[in-house]
Amino acid sequence: PIEDDTREDRLDVAVTRLKSKVESMVGKIEIKMSDIEAKIGDKMHMLDKDKDGILSQEEMALTLQSVLKRPLTFDEAMAIAADMDENED
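Residues numbered from 1 in each chain as written. Predicted model: local features only at pLDDT ≥ 70, side-chain atom pairs only at ≥ 80, totals over all residues. Heavy atoms only, no water.

Let us now look at unusual backbone geometry. Outside of glycine, negative phi angles account for most residues, and trans bonds account for most peptide bonds. Unusually for a residue other than glycine, Lys51 sits at a positive phi of about 55°. In this fold, Lys51 is placed in the loop between helix H1 (2-47) and helix H2 (57-67). On the accessibility criterion, Lys51 (59% relative accessible area) is exposed. (Helix = DSSP H or I, 4+ residues; strand = E, 2+ residues; numbered from the N terminus. Buried < 20%, exposed > 50% of the residue type's maximum accessible area, 1.4 Å probe, protein only.)

Before going further, it helps to examine the side chain of Glu59. Mapped onto the fold, Glu59 is located in helix H2. In this structure, Glu59 is buried with no salt-bridge partner, the nearest side chain bearing the opposite charge being Lys51 at 7.9 Å. When neighbours within four sequence positions are excluded, Glu59 is seen to be in contact with Leu47, Asp48, Lys49, Asp50 and Ile54. (Lys, Arg positive; Asp, Glu negative; His and termini not counted. Salt bridge = Lys/Arg side-chain N within 4 Å of Asp/Glu carboxyl O. Contact = heavy atoms within 4.5 Å.)

Looking now at the nonpolar core. Ranked by size, the top nonpolar core spans 7 residues in total: Met60, Ala61, Leu64, Leu72, Ala77, Met78 and Ala81. Breaking this core down by element, the ones donating at least two residues are H2 and helix H3 (74-84). If we skip the residues at most four places from it in the chain, Leu64 touches Leu72, Ala77, Ile80, Ala81 and Met84. (Core = buried A, V, L, I, M, F, W, Y, C linked by side-chain atoms within 4.5 Å.)

This part covers the side chain of Asp85. With respect to the helices, strands and loops of the structure, Asp85 is situated in the segment after H3. For Asp85, which is buried and forms no salt bridge, the nearest opposite charge comes from Lys49, at a distance of 18 Å.

When pLDDT is averaged along the chain, the result is 87, and 94% of the positions lie at 70 or above. H3 holds the highest mean pLDDT among the elements of the chain, 91, whereas H1 holds the lowest, 87. (pLDDT = per-residue confidence, 0-100.)

What follows is the structure, given as structure tokens:
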């Protein structure tokens, strides 16, 4: 019947609109994630003191000593850095 065709057409239009909205949202999220990744990368470069592209436990320990509110010995900072290094690289 014609009513079924009309109902299917409306459903097709709704699906197309929804798909378009979702694609738009995903595009916006990808742009934001790219921006965040760039900002994180910029900050990581500042922490990489020897500029080798790797943030070592020692570099992380030095950073922790400088940014945490309470004073840390280097050994304490190294212990925290080691805990943060999940894959131990």
